[in-house]
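In case you want the letters, here they are:
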Amino acid sequence: MIVLTSRLPKTRIDNRKALIKSLAFLATAGSQQTPAHEAGEGEDEGKGEVKVSVTNRSYWTKKIHRLCAVDGNVDEAFRLLDQLRLRGYCPDSLNISTIIHALCHSRSFSQAHHRFLLFISSGCIPDERTCNVLIARLLDSQDPDSTLRVIHHLFAAKPQFVPSLVNYNRLLNQLCSFSRPNEAHWLFFDMKSRGHTPNVISYTTIINGYCKIGDTVAAQRLFDEMSHEEVQPNSLTYSVLVRGILRKRDLEHGKELMDKMWQRMKDDKDSAANNAAFANVIDSLCREGFFQEVFTIAEDMPQRRSVPEEFAYGQMIDALCKVGRHNGAARIVHIMRKRGLAPSIVSYNSIVHGLSKEGSSMRAYQLLEEGIEFGYSPSEYTYNILVEGLCREADLHKARKVLQMMLNKEGVDSTRIYNIYLRALCFMDNPTELLNVLSSMLQTQCQPDVITLNTVINGFCKMGRIEEALKILHDMITGKFNVPDAVTFTSVICGLLDFGRIQDAVHLLHKVISEMGARHGVVTYNAVLRGLFKLNQANKAMEIFGSMVSDGVIANSMTYAIIINGLCKSDQIEEAKRFWEDVIWPSNIHDQFVYAAMLKGLCCSGKFNEACAFLYELVDCGVSPNIVSYNILIDCACNLGLKREAYQIVGEMRKNGLAPDAITWRTLEKLHQNLRRQVSTDKSTMQSL
C-alpha cells in the first residue's frame, strides 16, 4: 500500500500542521474558560485565543467589533468570522450590524449588499429593528435596485418583516430621482399592503417624480387622491405640482395652485416646508420665464408672514441671477429698499458681478454706488471684472473711484488691488495712467512687486511703448525695483520682436539674461521662435533653436508645433518634413498640435496625398489623432473637390473610434454646395451652346 502523504513535500506538510494548529482553539466547544487577560482586551492575544471557546460570544463579538470599528480591518473580520462559522458559530445581529456598518463606512456598498444577502441566505437574519437600521445604511449607496433586492430576500426569509416608513420614503425618493416614478408607485402600493399608511412625504415624493418626467396627469391624480385618503398636502406638495404644471406652460392652472399654496402656508406652522416651497415656486417661475409673476409676488407678498421677507426677496434675487436676469434682480432690490429692507451682501454682490460679467459695467457701477448706503463693498473677484469692464468702455474716472473704494477697505492687499487695476488698464491705450498708478503706489508706501512691474511692462508692449518698457526693465536690472524674472524678459522680448527689433531681442536673450544669472526657459524660447517666424526669419529661428538645445533647454510640444508651422508658412515644407523625421519623432515629444501643424502645412503646400499618408502612418504607429487632424484633411479634400476621398477619410475616422462633429458636417455640406453650383453652371453653359 502506498502512503500518499509520504510523498508530499515537507513544506506542504508543515502548512497542513499550521492550519490544524490555527483552528485547534475552535475545537474546545465544551470549555467555558475565559483567559484571565480578557479584560485587558488585546494583551498576548495570539496566545489567549487558543484557549477561547467558540461559544464565548462576548469575546468574539468584541473581537469583530474591534477589527471593524477600531482597526478598520474588515477583511480580517471576514476571515475570523468564516473560521468561526466552520465550527458552528452563527453570527448574531450585533456581528452582522458591525460588519455592514464598517463596509458602508468605507463606501464599499456593493460588498455590503452582497454580504447582507449571504447572511440572509445562510439563515443568519438580524432582528427587525436591526434590519431597518441596516437598510437605512444601505440606502446611502443611492442604489435602490440593490437595496430592493436585499429587502425582497428579507421578505422571503422573514415574511413578518416590514421596512419602516422612513425607509420606504427614501426608496421612493431614490427611484423618482432616477426618473422611475412608475416603479416608485408600485412600491407605494406594496407599502400600503404591508400595513403602512403613506404620509405627506410619500405622496409629495411620487408627485415630484411624475412631474419630473412630465406626467402631470398622473401627478394631479395622485394629488387628488390625498384628500380621499385624508392626507393633508403641505405647501411643499403644492410647490412640486406647481413646478410640473409650469413646465407644461399652463400658467393659469399654476396660478390657481399657487393661490391655494399661499393659503396653505398661512395654516401650516412648518417654516422649513414653507421656505422650501416658496423657493421652489420662485425658481420654477424664473426657469420657465414667468418673470412678471415674480415681480407681482415681490410687490404683493401673498405668503404674508409665513415666509420671512428677507428670505423671500433673497430667493427672488438668487433665482433671477441664475437665469441671467440681473436687471430684474436689481428691480427686486428697489422694491426691498422701498420697504425699508436691505439685501444681503452676497445677494447684492451677485447682481453687480453678473452685470459686470455680461458687459453692463455702467449699470453695475450705478448699483455699486447705491450699495454704499447699506455698507456694500464688492468682492475682489467682482472688483476685477467691474474695473476691467469700465476700462474696456474707457471710463477711467469711474474705474479710479472703484480702485479707491477697494483701497479703503480694511484688510486688503493693496499691492494686489493695484495689480488688478493695472491689468485692467492694459485694455486702454493710456500709458500715462500706467505710470501715474506706479507713481501713486510709491508715494503711498505701497511697494510694487514683480507682478506689478511685469503687468506695466506688458501693458507698455501692447500699447507699442517699447522704450518705456525697456526703461522699467533697466530700473529692475539696476536694483531700483524687484529683480526681473522669466516673465519680465519674455514680455520685453515679445515686444521687441513685434516691432521687428530682432538684434535687440537676441541680445537680451543671449547676453543680458546670462549676465543676470537667470536661466532661459522653454517658454521664453517659444516666444522668441514664434516672433521670428512671424517676421519670416525662419533661418534665424532655427539658429535660436540650436542654441536652445546647446543650452540644455528641453523643447516641448509647443516648441515643435511653432517650428513646423513656421517652416510650412515659410514655404520650407521639405525642411519641416526632415525636422519631423530627424528631431520630433525620435524625441517622442509630440501631441495633437504638432500633428495638426504638420497636416495643415502639407495640405497648404498642395501635398494632400502625403498628408493622408502621414495621418495613416501615425495610426499604424499606435498614435490616435483627434478629430481636428481628420477635419484638416476633409477640408483640404473638399477644397479640391475630392468627394470620394473626403468620405473615405470620414470612414477612417469612424473606424478609429471618432464621430464626425459639427465642423465635419459643415465642411461636407460646403462640398455639396460647390458641386451643385458647378453642375448648375455646366447646365447653363450647355444650354447657351
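Up top is the structure.
This report concerns the structure included in the present document. Predicted model, so just to flag it, every value in this text is computed and none were measured.

1. Overview of the layout of surface pockets
Item 1. Taken as a whole, the largest pocket encloses approximately 330 Å³ of empty space.
Item 2. Lining the largest pocket are 15 residues, with Ala561, Asn565, Gly566, Lys569 and Ala597 positioned closest to its centre.
Item 3. Elements with a minimum of two residues in the lining of the largest pocket: α29 (522-534), α31 (557-569) and α33 (592-604).
Item 4. If you tally residues by element for the lining of the largest pocket, the top one is α31, at five residues.
Item 5. Tallied by class, the residues present in the lining of the largest pocket amount to seven nonpolar, four polar and four charged.

2. Some points on helix α26 (residues 466-477)
Item 1. When the terminal C-alpha atoms of α26 are compared, their 16 Å separation across twelve residues agrees well with the 16 Å that a helix rising 1.5 Å per residue should span.
Item 2. Turning to α26, its buried residues are Ile466, Ala469, Ile472, Leu473, Asp475 and Met476.
Item 3. Residues of α26 that are buried make contact with α24 (431-443), α25 (450-462), α27 (486-498) and α28 (502-515).

3. What to know about helix α4 (residues 74-86)
Item 1. In this model, α4 (13 residues) spans 19 Å end to end at C-alpha, consistent with the 18 Å of a helix rising 1.5 Å per residue.
Item 2. All of the buried residues in α4 are Val74, Ala77, Phe78, Leu80, Leu81 and Leu84. Axial view of α4: buried residues confined to an arc of 170 degrees, hence all on one face.
Item 3. The secondary structure elements touched by the buried residues of α4 are α3 (57-70), α5 (93-105) and α6 (109-121).
Item 4. Phi for Gly88, located one or two positions after α4, is positive at around 95 degrees.

4. Concerning empty space enclosed by the protein
Item 1. In total, this model carries two cavities of 30 Å³ or more according to the counting rule given.
Item 2. Of the volumes computed, that of the second largest cavity is approximately 40 Å³.
Item 3. Lining the second largest cavity, in full, are Asp485, Ala486, Phe489, Ile513, Ala518, Arg519, His520, Gly521 and Thr524.
Item 4. Tallied by class, the residues present in the lining of the second largest cavity amount to four nonpolar, three polar and two charged.

5. Observations concerning the packing of α29 against helix α30 (residues 538-550)
Item 1. Their axes nearest at 8 Å, the elements α29 and α30 cross at an angle of 165 degrees. The angle between α29 and α30 falls in the class roughly antiparallel. The handedness of the crossing between α29 and α30 comes out as left-handed. For the pair α29 and α30, the contacting residues are Val522, Tyr525, Val528, Leu529, Leu532 and Phe533 in the first and Ala538, Lys540, Ala541, Met542, Ile544, Phe545, Ser547 and Met548 in the second.
Item 2. When grouped by side-chain class, the residues that make up the contact of α29 with α30 number twelve nonpolar, one polar and one charged.

Criteria and thresholds
- Residues numbered from 1 in each chain as written.
- Predicted model: local features only at pLDDT ≥ 70, side-chain atom pairs only at ≥ 80, totals over all residues.
- Heavy atoms only, no water.
- 1 Å grid on protein atoms, 1.4 Å probe; cavity = no way out; pocket = protein on both sides within 12 Å on 5 of 7 lines; lining within 4 Å.
- Points joined across faces, edges and corners; volume = space filled by probe spheres on them.
- Helix = DSSP H or I, 4+ residues; strand = E, 2+ residues; numbered from the N terminus.
- Nonpolar A, V, L, I, M, F, W, Y, C, P; charged D, E, K, R; others polar.
- Expected span 1.5 Å × (residues − 1).
- Buried < 20%, exposed > 50% of the residue type's maximum accessible area, 1.4 Å probe, protein only.
- Contact = heavy atoms within 4.5 Å.
- Arc of directions from axis to C-beta.
- Axes fitted to C-alpha atoms, helices over the stretch in contact; angles between N-to-C directions.
- Parallel < 35°, antiparallel > 145°, perpendicular 65-115°, else oblique.
- Left-handed = near helix turned anticlockwise from the far one by under 90°.

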